Amino acid sequence: MRYIRPLSIEDAVGQLAGSAGTAAILAGGSDLLVRMKGGFIEPDLIVDIKAIEGLSEIKETAEGFSIGAAVPCAVLGESASLKKAWPGVVEAANLIGSKQVQGRCTIVGNLCNASPAADSVPALVAAGAKALVAGPSGKRTIAVEAVPTGPGRTSLAKGEIIEAILLDKRAPRSGDAYLRFIPRTEMDIAVVSAGVNLTLDEQGVIKAARVALGAAAPTVLLVEEAAEALIGRKLDEAALERLAKVCAGACRPIDDKRGTIEFRRKVAGVLARRAATTAYARAGGK
């Protein structure tokens, strides 16, 4: 096994592209090291990206926010401007693991681990976040929901690295929220989760919406029909009932020891209602 610590994104990409065998990227290591210790993976090459300039920074620009791939989730919670603009995204990131894990784990690692139950991903999908991907052919930007293709699998090609997560500047009268159901009070994996992002007009009518569900299918679901159920209306009981029904119907969950298909569908609708209510209030709706 080789371990390298490149100082530039170009060097990291070159090392990954030219590697033989299995290669892994180390940012926080909260997923990679656990999988290695459990014997599930033994990389031939580990590329530690923490020393690459800019990858441990949150940058605020006129266009929005750029969150580097090596930024720990704890740092997201310390950014007042990010919490104000995207509270749902920060809430989701701050639910990953324990206090100790928070100092290491990253939202990019959470995304690339490609678990359907990842906490940060539904919130990022609902927020319309983009992934800035660097690779041998240059850089490209893709929707976050296009990264995972199934449990443990991503769409990234050999040599590609997600350099940063991009969040747009917040539109006026907007709000987002993320909720999950877990069997314990903390440090557990989501049985079902929901992220909702809303933008209102001056009368409090929803003019834009995105709804995402986690742990409800092989990948996080962007439920466009759920957004359509909300757009053009205030968040009244009829809209909430329609939202819950659509979300329950959109689920493609499995039966396992943590929850049944029927249970997950029911809870998906309940969480979507609650997250939408919180997002609506944060957007200034009454």
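Treat the numbers as computed from the prediction; the structure is a model and nothing was measured.

Comments concerning the sheet that holds strand 2 (residues 23-26)
Turning to step 1, where the next piece is worked out: Overall, parallel pairing links the three strands, which are arranged 1-3-2 in an open sheet. On the outer flanks of this sheet lie strand 1 (2-4) and strand 2, each paired with one strand and no other. Across the sheet, the mean angle separating the axes of adjacent strands is 20 degrees when strand polarity is ignored.
Turning to step 2, where the next piece is worked out: As paired strands, strand 1 and strand 3 (residues 45-48) are joined by three bridges and run parallel to one another. Counterpart to Ile4 in the pairing with strand 3 is Val47.
Turning to step 3, where the next piece is worked out: Across the sheet, helix 1 (residues 9-17) lies against strand 1, strand 2 and strand 3, angled at about 170 degrees from strand 3, the strand it touches most.

Re the layout of surface pockets
Turning to step 1, where the next piece is worked out: Volume-wise, the second largest pocket comes out at about 270 Å³.
Turning to step 2, where the next piece is worked out: Along its surface, the second largest pocket is lined by 21 residues, and Lys59, Ser66, Leu132, Ala164 and Leu166 are the ones closest to its centre.
Turning to step 3, where the next piece is worked out: Elements with a minimum of two residues in the lining of the second largest pocket: helix 1, strand 4 (58-61), strand 5 (64-68), strand 6 (130-135) and strand 10 (161-168).
Turning to step 4, where the next piece is worked out: Taken together, the residues of the lining of the second largest pocket break down into eight nonpolar, five polar and eight charged.

Rules used throughout
- Residues numbered from 1 in each chain as written.
- Predicted model: local features only at pLDDT ≥ 70, side-chain atom pairs only at ≥ 80, totals over all residues.
- Heavy atoms only, no water.
- Pairing = 2+ DSSP bridges.
- Helix = DSSP H or I, 4+ residues; strand = E, 2+ residues; numbered from the N terminus.
- Axes fitted to C-alpha atoms, helices over the stretch in contact; angles between N-to-C directions.
- Contact = heavy atoms within 4.5 Å.
- 1 Å grid on protein atoms, 1.4 Å probe; cavity = no way out; pocket = protein on both sides within 12 Å on 5 of 7 lines; lining within 4 Å.
- Points joined across faces, edges and corners; volume = space filled by probe spheres on them.
- Nonpolar A, V, L, I, M, F, W, Y, C, P; charged D, E, K, R; others polar.

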